[in-house]
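Report on the structure
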Amino acid sequence: MAYDVIVIGTGPGGYVSAIRAAQLGLKTAVVEQRATFGGTCLNIGCIPSKALLHASELFEEAGHTFGQMGIKVGTPSVDLPVLQKYRQQNVDANVKGVDFLFKKNKIDAFHGAGHIVAPGKIEVKGADGQTQTVETKNIIIATGSDVARLKGIDVDEKRVVSSTGALELSKVPQKLLVVGAGIIGLELGSVWRRLGAEVTIVEFLDHILPGIDSEVARQFHRIQQKQGLTFKLSSKVTAIDSSGKTLKVKVEPAAGGATETLEADIVLVAIGRVPFTDGLGLEVVGVNKDNRGRIVIDPHYRTNAGGIYAIGDVVAGPMLAHKAEDEGVAAAEIIAGQAGHVNYDVIPNVVYTFPEIASVGKTEEELKAAGVAYNTGKFPFTANARARANLATEGFVKILADAKTDRVLGVHILGPDAETMIAEAAMAMEFGGSSEDIARTCHAHPTLSEAMKEAALAVAKRAINM
Ligand SMILES: Cc1cc2nc3c(=O)[nH]c(=O)nc-3n(C[C@H](O)[C@H](O)[C@H](O)COP(=O)(O)OP(=O)(O)OC[C@H]3O[C@@H](n4cnc5c(N)ncnc54)[C@H](O)[C@@H]3O)c2cc1C
């Protein structure tokens, strides 16, 4: 029996795409080679990392801020096996949820590695080596990404780990060295620092968090240093000697020069992710990839091979779960004859540290480079009553609005609960809103979101509480 759609990969891109296709009446199946559904995000990415971030943030609060509010809990301690069990329970609940949704939407699931053997034909090889061939009118490739490797460094997932191993450590390392000051390195570095590790982050560039508004990144850098993270910028890790009890890590200036040796119990290599297409059979059907290994698609998610679409981390764009999801929905709608679409100008990005960073739209650097005239409105959390009550006043909200039209072009938040606040900015931008629209929207008091309103007022230089 032929399907209308088969989705290869059940990460946030693939599983959401399959559900949308089924909702639209398409006969849909998925192929997944991992034992559980949910892909990187649910199994070894967004979900387990946020469980550890949440627990370790509460641990730090209990140790540092509870006392200031008159709450006595003694010195908190970490029961790591229980913490890891809580992380895994979170993962289990989420991946089971996907299983339930597939059944609810009558989506067939094939367990095994999918290999495209001809247009409309996928061979699925199960863990037991058995193969079966399934036929379909359309294929959506949603095979996601894998960790990027550092030349000459072997990742054993025990002492030299990727993000996957760093989520599952069974002991808090004394010394953790993180290679890469991107989002994943900073999030996982924060987790283990809060739990007691001495953390050093080595970054090739001369700044952390590439791509984030530089004013936000600079202030964030200072806050992280104050919290105890050590940074070595403009530096590269060239070798790791794992013959002894502790790892000896060779670090060189990025531009070359004298090498120094740092010691660590664990090294986390977090230098990014690469699209994953191994074993898919793209060469058989002649699907084009770009020079970074990403599948090339047109604005309708179509590859150059008829009936084959691709979405998520395996195509260009930010490697984010919600970007993958929205592309999955759009591709399914396009296959069903609808006008699926993703607005790439409004994709929020969050760093789930403390304080958080959340942004949407253009950075100041991007606007300057494009020669766009803009006005800036900024409001610090020190002037927000709720942030003061919460003892969390570091950071600010910054709104960038077109100088002529006042249309919001970018919003950057460094502060508590930025992850939630950014949704308001995304909504305003999706509707083509202006800073005045946000400023004239009544915001509940006392809330952190009033900082958004005040930043919008500040665009026209009329913030009230500053
Ligand atoms: C530690 C970490 C934290 C992260 N935190 C966040 C976050 O907070 N927010 C956020 O937005 N993003 C986060 N990300 C990124 C996010 O996980 C990815 O952007 C997202 O998972 C991409 O979704 P996807 O559907 O494209 O692919 P994936 O989630 O990678 O899923 C692809 C699936 O395809 C399967 N597959 C591959 N090839 C085959 C084949 N041939 N046959 C069958 N199955 C196959 C894989 O087994 C996998 O299950 C994080 C990533 C990591 C590593």
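Quantities reported herein were computed from a predicted structural model and do not represent experimental measurements. (Residues numbered from 1 in each chain as written. Predicted model: local features only at pLDDT ≥ 70, side-chain atom pairs only at ≥ 80, totals over all residues. Heavy atoms only, no water.)

1. Re the overall build of the protein
Definition in use: In DSSP terms, a helix is any run of H or I states spanning at least four residues, a strand is any run of E spanning at least two, and both are numbered starting from the N terminus. We compute the radius of gyration over the C-alpha atoms and compare it with the globule rule, which gives 2.2 Å times the number of residues raised to the power 0.38. The classification of residues rests on relative accessible area computed with a 1.4 Å probe and restricted to protein chains. Under 20% of the type maximum is buried, over 50% is exposed, and intermediate values are partly exposed. In this description, contact between two residues means that some pair of their heavy atoms is separated by no more than 4.5 Å. Each accessible area is a Shrake-Rupley estimate made with a 1.4 Å probe; only the visible protein chains count as cover when residues are assessed. For this count, His and the chain ends are skipped, Lys and Arg are scored as positive, and Asp and Glu as negative. To locate a charge, the coordinates of NZ of Lys, CZ of Arg, CG of Asp or CD of Glu are taken.
Looking only at helices and strands, the protein features 14 helices and 22 strands. Its C-alpha atoms give the protein a radius of gyration of 24 Å, within 12% of the compact-globule value 23 Å for 466 residues. A principal-axis box enclosing the C-alpha atoms of the protein has dimensions of 65 × 60 × 50 Å. Every one of the 466 residues in the protein was classed for burial, and the buried ones make up 50%. Restricting to contacts in the protein with at least 6 residues of sequence separation, those with at least 24 account for 62%. Carbon and sulfur atoms provide 52% of the accessible area of the protein, an area that totals close to 21,400 Å². In the protein, the 48 positive side-chain charges and the 53 negative ones have mean positions that sit 2 Å from each other.

2. Some remarks on the nonpolar core
As a rule of thumb, nonpolar side chains are buried together in soluble globular proteins. The test is simple: What we call a nonpolar core is a set of buried Ala, Val, Leu, Ile, Met, Phe, Trp, Tyr and Cys residues that are connected through their side-chain atoms within 4.5 Å.
The biggest cluster of nonpolar side chains holds 36 residues, and the ones touching the most others in it are Leu176, Leu186, Trp192, Ile201, Leu209, Leu268 and Ile357. Every element with two or more residues in this core is listed here: helix H3 (46–64), helix H4 (80–104), helix H5 (163–167), strand S9 (175–179), helix H6 (183–194), strand S10 (198–202), helix H7 (214–227) and strand S15 (266–269). Apart from the residues within four sequence positions on either side, leucine 209 is in contact with Ala181, Gly182, Ile183, Leu186, Phe220, Val351 and Ile357.

3. Overview of the environment of cysteine 41
With respect to the helices and strands, cysteine 41 occurs in helix H2 (residues 39–44). Separated by 284 residues in sequence, cysteine 41 and glutamate 325 have C-alpha atoms that sit 11 Å apart.

4. Notes on the state of the cysteines
Threshold: Pairs of cysteine sulfur atoms within 2.5 Å are identified as disulfides in what follows.
Throughout the structure, instances matching the rule amount to 1 disulfide. A sulfur-sulfur distance of 2.4 Å marks the disulfide that ties cysteine 41 to cysteine 46. Around the S-S axis, the bridge from cysteine 41 to cysteine 46 shows a dihedral of about -130° and counts as left-handed.

5. Points about the sheet that holds strand S13 (residues 247–253)
Convention followed: Should DSSP find at least two bridges between two strands, the strands are taken to pair. Axis definition: a line fitted to C-alpha atoms, limited for helices to the stretch in contact. Angles are taken between N-to-C directions and run from 0 to 180 degrees.
Strands sit in the order S12-S13-S14 across an open sheet of 3 strands; the sheet is antiparallel. If you trace the sheet from one side to the other, it starts and ends with strand S12 (235–241) and strand S14 (260–264), each paired once. Within this sheet the neighbouring strands show an average axis-to-axis angle of 35°, counted without direction. Looking at chain direction, S12 and S13 are connected through 6 bridges and run antiparallel. When the sheet's bridge partners are listed, alanine 239 is paired in S13 with lysine 250.

6. Some details on the sheet that holds strand S22 (residues 408–415)
Strands sit in the order S18-S19-S22-S21-S20 across an open sheet of 5 strands; the sheet is antiparallel. Two strands in the sheet have a free side with no partner beyond their single neighbour: strand S18 (349–351) and strand S20 (374–380). On average, each strand axis in the sheet is inclined to that of its neighbour by 10°, with strand direction left out of account. Bridging between strand S21 (residues 396–402) and S22 involves 6 bridges; their strand directions are antiparallel. Across the sheet, valine 397 pairs through a bridge with isoleucine 413, a residue of S22. Against the sheet, H7 engages strand S19 (356–361), S20, S21 and S22, with an angle of about 5° to S22. Packing of helix H12 (residues 418–430) onto the sheet brings it into contact with S18, S19, S21 and S22, and relative to S19 it is tilted by some 10°.

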